[in-house]
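Examining the three-dimensional arrangement
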Amino acid sequence: MATDLIEIDSTDPSPEAIERAGKAVRQGKVVAIPTDALYTLIADPFNLRAVSQAFYAKGREPNRSLPLLVDSTVMVEELSRDISNRFYLLARRFWPGPLTVILPAAKLPLKVTGNTGRLAVRQSRSEVANRIITYLGHPIISTSANVSGQPTCASGIDVFGTMDGRVDLVLDGGVCSGEGASTVDITEPYWRMIKEGAIAEKEIAECLKGS
């Protein structure tokens with residue numbers, strides 16, 4: 001497939017760009033967008049063809065889950081079960097922001113979870129991501145824009161050069177500064193840091209102290 005590229009203002013994307021990206025996601029396509037945690041690939045988590053395309057675009061192993069972006073804790077409550085107080089502590093402290101939280105999944109295709117039954121979810125500061133979620137009315141897959149094992153792309157041109165033919169559309173908002181998102185797993189009795197990125201493990205420990 002040919003990959004299209006549209007230049008946008010990442011702080012105030014045009015309604016036309018949001019509509020085009022939203023329509024592509026509805027059609028089961030994979031789109032790359034800028035966020036507050038570098039570039040990400042987005043797709044429809046409720047469309048199994050789109051889920052397969054997201055795995056293909058990254059060359060990702062099918063036993064690894066695909067993270068989701070949401071616009072609120074209410075949206076998380078519709079996707080997860082047995083939500084602990086730890087989640088609300090983390091969400092109040094770090095959301096919207098570069099922290100992905102792993103929770104037990106519910107009402108979500110098992111394939112999205114990498115057949116693990118666990119959900120990786122984040123609320124972003126990104127205007128692009130949040131406007132697309134609003135346009136669609138549901139969460140979106142959000143997995144780092146890179147081929148598995150390679151660095152995450154920091155610009156739309158990098159995404160286009162690396163993933164041309166793997167994704168359908170790139171919204172090019174220029175260069176994204178900063179680190180990727182941190183990931184913390186709170187599904188077990190003891191929480192654990194899966195990946196340290198923009199938020200340090202000691203900040204997580206301080207937030208969850210005594211919980």
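Residues numbered from 1 in each chain as written. Predicted model: local features only at pLDDT ≥ 70, side-chain atom pairs only at ≥ 80, totals over all residues. Heavy atoms only, no water.

**Considerations on the environment of L169**
Our working rule: Note on conventions: DSSP H or I runs of at least 4 residues are helices, E runs of at least 2 residues are strands, and numbering of each starts at the N terminus. Residue contacts are defined here by distance: any two heavy atoms, one from each residue, within 4.5 Å place the two residues in contact.
Along the polypeptide, L169 turns up in strand β8 (residues 169-172). With 29 residues separating them along the chain, L169 and I140 place their C-alpha atoms 15 Å apart. Each residue touching L169, except ones within four places of it in the same chain, is listed here: T3, D4, L5, I6, R20, A21, V30, V31 and A32.

**Considerations on the sheet that holds strand β2 (residues 31-35)**
Inclusion rule: Any two strands are treated as partners once DSSP identifies two or more bridges connecting them. Fitted lines through C-alpha atoms give the axes, limited to the stretch in contact for helices. The angle between two N-to-C directions lies from 0 to 180 degrees.
Pairing within the open sheet is mixed, and its 10 strands lie in the order β1-β8-β2-β3-β7-β4-β6-β5-β9-β10. Here the strands that pair on one side only, and so sit at the sheet edges, are β1 (4-7) and β10 (192-195). Recorded for the sheet is a direction-independent mean angle of 35° between the axes of neighbouring strands. Looking at chain direction, strand β4 (residues 68-70) and strand β7 (residues 140-144) are connected through 2 bridges and run antiparallel. Bridge pairing links L69 to I140 in β7.

**What about the packing of aromatic side chains?**
Going by this rule: Aromatic pairing here means that ring centres of Phe, Tyr or Trp (its six-membered ring) are within 6.5 Å. Orientation follows from the plane angle: under 30 degrees is stacked, over 60 is edge-to-face, and everything else is tilted. Buried means the residue's accessible area, taken with a 1.4 Å probe over protein chains only, is under 20% of the maximum for its type, while exposed means over 50%, and partly exposed covers the values in between.
Under the defined criterion, the tally for this structure stands at 2 aromatic pairs. With 5.1 Å between their ring centres and 70° between their planes, F87 and Y88 make a pair best called edge-to-face. The class of F87 is buried, set by a relative accessible area of 0%. Judged by relative accessible area, Y88 falls into the partly exposed class, the value being 24%. On the numbers, 5.4 Å between centres and 80° between planes, the contact of F87 with W95 is edge-to-face.

**Things to note about the pairing of β7**
Counted residue by residue, β7 has 4 buried out of 5 residues, so it is predominantly covered. Bridge count for strand β3 (residues 38-43) against β7 is 4 bridges, and the pairing is antiparallel. Within β7, the residue paired with I42 across the bridge is S142.

**Here we look at the side chain of S80**
By the secondary structure assignment, S80 is in the loop between α3 (73-77) and α4 (85-94). Of the residues examined, S80 reaches a relative accessible area of 9% and is grouped as buried. With residues near it in sequence (within four places) discarded, S80 still touches L103, P104, A105, A106 and L119.

**A look at helix α5 (residues 127-136)**
This is how the line gets drawn: Any N or O atom pair separated by 3.5 Å or less is treated as a polar contact, with the protein-specific requirement of one donor-capable and one acceptor-capable atom, and with residues adjacent in sequence counted only for side-chain atom pairs.
Buried within α5 are the following residues: V128, A129, N130, I132, I133 and L136. Measuring from the backbone nitrogen of V128 back to the side-chain oxygen at the start of α5 gives 3.3 Å, which picks out S126 as the cap. One or two steps after α5, the chain reaches G137, where phi turns positive at roughly 80°.

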